[in-house]
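# Overview (structure and organization)
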Amino acid sequence: MRLARVVGQVVSTAKVPELSGTTILVVEDIAPESDGESGRYAAVDLVGAGQDEVVLVVSGSAARVDQATTGVPVDQAIVAIADTIVTHGEVTYSK
Amino acid sequence: MRLARVVGQVVSTAKVPELSGTTILVVEDIAPESDGESGRYAAVDLVGAGQDEVVLVVSGSAARVDQATTGVPVDQAIVAIADTIVTHGEVTYSK
Amino acid sequence: MRLARVVGQVVSTAKVPELSGTTILVVEDIAPESDGESGRYAAVDLVGAGQDEVVLVVSGSAARVDQATTGVPVDQAIVAIADTIVTHGEVTYSK
Amino acid sequence: MRLARVVGQVVSTAKVPELSGTTILVVEDIAPESDGESGRYAAVDLVGAGQDEVVLVVSGSAARVDQATTGVPVDQAIVAIADTIVTHGEVTYSK
Amino acid sequence: MRLARVVGQVVSTAKVPELSGTTILVVEDIAPESDGESGRYAAVDLVGAGQDEVVLVVSGSAARVDQATTGVPVDQAIVAIADTIVTHGEVTYSK
């Protein structure tokens, strides 16, 4: 799962009908996944995440396992809000 | 979901039969995706997106959840047109 | 879908039985998908693509949607040959 | 499968219900999967991996094949702890 | 499919039960993959590949299509050993 921070939201009226009623947030990877460019992308919110909160994002078919997104054409979903992240024995993030 | 801009179209006559009748647009990521993809690729259009519009693109099996692409060998689909994108409290894109 | 050019072929005798009878071409992304090294990989050919032709490649389970690859362990397939690609209003590729 | 090292843990109370009872560890690729930043991400632990242990991580739907994660919205899971890794005829890692 | 070379093996005793009896090799991409992955990872071997052989590796659910890996939590599998690879009209690899 990607570790990311909520940085914003996408508003869209013209969309496939199954997306109606979903909240689509803009998130940015906090642990740089690859070559420097911080990954910014959109994910459907399943847990009511707030601005700047650090979240767990699942990608692919995992985004449609929860009841709320079954049959919805999404490929990234926020499934948890991190309280704390411990790395190398230290608390590197605390809500 | 990837945030991308419509930059063009692919026209193809020699294709698997299931692709007949689909519109395949060329899109470019506006927020450089983290996984290395500099981000110009083709996606089937499900919402009638226009040139230069910013769209939400789903990848993988999510591209075949909508009725229009069930059983069609596609792995990226445009599922929404963004009206506005807010990041860090500011409107960073408005249609 | 990835936009790629056919650059060669892989010949293999020792393979899982389901791959027998498939044509496996070597393709290279034309739109530099990553930050320098153009992506070169192998894809099963579903449309009789020829050397140097520009093609649409699907990845993941999409590669097994077509009848010819159902039940075959492949994760990339050529599903169309591009006639023309238009980007920013200009024909950037014509067969 | 990704070769990664356990570097920490994510604690979260606000999460989709299916995630309750899972242990989510932070892992870092030991073989730099990307060409710059080492990949750091979260994976559900299926084998009781300990801090600094080198593990095998599966991604995508493979993370939900095991009984413990069937129906759970996860896309990365630790499925084995490496005892030894041999590369180019040499033991490059031993537990 | 990824074009990769067998460079070693992973030995693991603590693993999910479904992995018992599988051979897990370490492979390295010979053609730098486009999506940023610099490419050393582990894949289950379905064809008895030997050290330094060039192989075809499938990723994602394709790794579980073969009978030997159905129901096994793996996301990369070696499905063929390359005899020859021809690119731009020249034999660039021969076993």
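Residues numbered from 1 in each chain as written. Chains lettered and ligands numbered in written order. Predicted model: local features only at pLDDT ≥ 70, side-chain atom pairs only at ≥ 80, totals over all residues. Heavy atoms only, no water.

As annotated in an unreviewed UniProt entry, chain A is Ethanolamine utilization protein EutN from Rhodococcus oxybenzonivorans.

### Some details on the overall build of chain A
On a plain count of helices and strands, chain A comes out with zero helices and seven strands. The linear arrangement of helices and strands in chain A, starting from the amino end, is β-β-β-β-β-β-β. Its C-alpha atoms give chain A principal-axis dimensions of about 45 × 25 × 20 Å. Looking at chain A as a whole, 57% of its 95 residues qualify as buried. Restricting to contacts in chain A with at least 6 residues of sequence separation, those with at least 24 account for 51%. Total accessible area computed for chain A in this model is approximately 3400 Å², and 48% of it derives from carbon and sulfur atoms. Side chains of chain A give 6 positive and 13 negative charges; the mean places of these two sets differ by 4 Å. (Helix = DSSP H or I, 4+ residues; strand = E, 2+ residues; numbered from the N terminus. Buried < 20%, exposed > 50% of the residue type's maximum accessible area, 1.4 Å probe, protein only. Contact = heavy atoms within 4.5 Å. Areas by Shrake-Rupley, 256 points an atom, 1.4 Å probe, with all protein chains shown as cover. Lys, Arg positive; Asp, Glu negative; His and termini not counted. Charge placed at Lys NZ, Arg CZ, Asp CG, Glu CD.)

### With respect to the confidence of the model for chain A
In this model, chain A carries a mean pLDDT of 92, and residues with pLDDT of at least 70 account for 92%. Across residues 33-37 of chain A, confidence stays below pLDDT 50; counting only partners more than four residues off in sequence or on other chains, it has 22 contacts. (pLDDT = per-residue confidence, 0-100.)

### Remarks on the relation of the copies chain E and chain D
Least-squares fitting of chain E to chain D yields an RMSD of 0.1 Å, with the transformation described by 0.0 Å of translation along the axis and a rotation of 72°. Overall, the copies show the geometry of a five-fold rotation axis. Residue by residue, only 3% of the interface of chain E is reproduced at the interface of chain D, so the copies engage with different surfaces. (Least-squares fit on C-alpha atoms with pLDDT ≥ 70 in both.)

### What to know about the nonpolar core
Of all hydrophobic cores here, the largest spans 163 residues; its most connected members are I78 of chain A, I78 of chain B, I78 of chain C together with I78 of chain E. Leaving out residues up to four positions away in the same chain, I78 of chain C has contacts with V6, L25, V27, A43, V44, D45, L46, V47, A49, V55, L56 and V57 of chain C. Listed in part, the 11 residues of the second largest apolar core include Y41, A43, A49 and V55 of chain D. (Core = buried A, V, L, I, M, F, W, Y, C linked by side-chain atoms within 4.5 Å.)

### Brief notes about the interface of chain A and chain B
Each partner contributes residues to the interface: chain A has 36 residues there, and chain B has 30 residues. Summed over both sides, the interface between chain A and chain B buries roughly 2500 Å², with carbon and sulfur atoms accounting for 54% of that surface. Considering only the surface of chain A that becomes buried against chain B, R40, P73 and D75 of chain A emerge as the three largest contributors, covering 21% of it. Here chain A and chain B share zero salt bridges between them. Our count for the chain A to chain B interface comes out at 13 residue pairs in polar contact (both at pLDDT 80 or more). Among the elements of the structure, β1 (2-11), β2 (24-29) and β3 (40-45) of chain A are those that each provide at least two residues to the side of chain A that touches chain B. Among the elements that line the side of chain A that touches chain B, the one with the most residues is β1 of chain A, at six residues. A per-class count over the side of chain A that touches chain B returns 15 nonpolar, 11 polar and 10 charged. (Buried area = accessible area lost by both parts, 1.4 Å probe. Salt bridge = Lys/Arg side-chain N within 4 Å of Asp/Glu carboxyl O. Polar contact = N/O pair within 3.5 Å; in protein donor to acceptor, adjacent residues only side chain to side chain. Nonpolar A, V, L, I, M, F, W, Y, C, P; charged D, E, K, R; others polar.)

### Overview of the relation of the copies chain A and chain B
Mapping chain A onto chain B calls for a screw motion: a turn of 72° about the axis and a shift of 0.0 Å along it, with 0.1 Å RMSD after fitting. The two copies present different faces, since only 11% of the interface residues in chain A are matched by interface residues at the equivalent positions in chain B.

### What about the interface of chain E and chain D?
As a measure of interface size, the accessible area lost when the parts come together is often cited. On the side of chain D, 30 residues touch chain E, which itself brings 32 residues to the contact. Taken over both partners, the interface formed by chain E and chain D buries close to 2400 Å², and the fraction arising from carbon and sulfur atoms is 53%. Its largest share of buried area at the contact with chain D, chain E owes to R40, P73 and D75 of chain E, together 22% of the area lost on that side. Taken together, chain E and chain D are joined by zero salt bridges. Applying the counting criterion to the chain E and chain D interface returns 13 residue pairs in polar contact (both at pLDDT 80 or more). Those elements that provide at least two residues to the side of chain E that touches chain D are β1 (2-11), β2 (24-29) and β3 (40-45) of chain E. Here the residues of the side of chain E that touches chain D are counted per class, giving 15 nonpolar, 11 polar and six charged.

### Remarks on the environment of T69 of chain C
Residues and elements named next belong to chain C. When you line up the elements, T69 lands in the loop between β4 (54-59) and β5 (76-81). The sequence separation of T69 and A43 amounts to 26 residues, and the corresponding C-alpha distance is 11 Å. Ignoring any residue separated from it by four or fewer positions in sequence, one finds T69 in contact with V44, L46, A63, R64 and V74.

### With respect to the arrangement of the chains
Looking across the eight pairs of chains in contact, one finds the most contacts between chains A and B. Across the gap from chain B to chain D, with no contact made, the nearest C-alpha atoms are 8 Å apart. Separated in space, chain A and chain E share no contact, their closest pair of C-alpha atoms being 7 Å apart.

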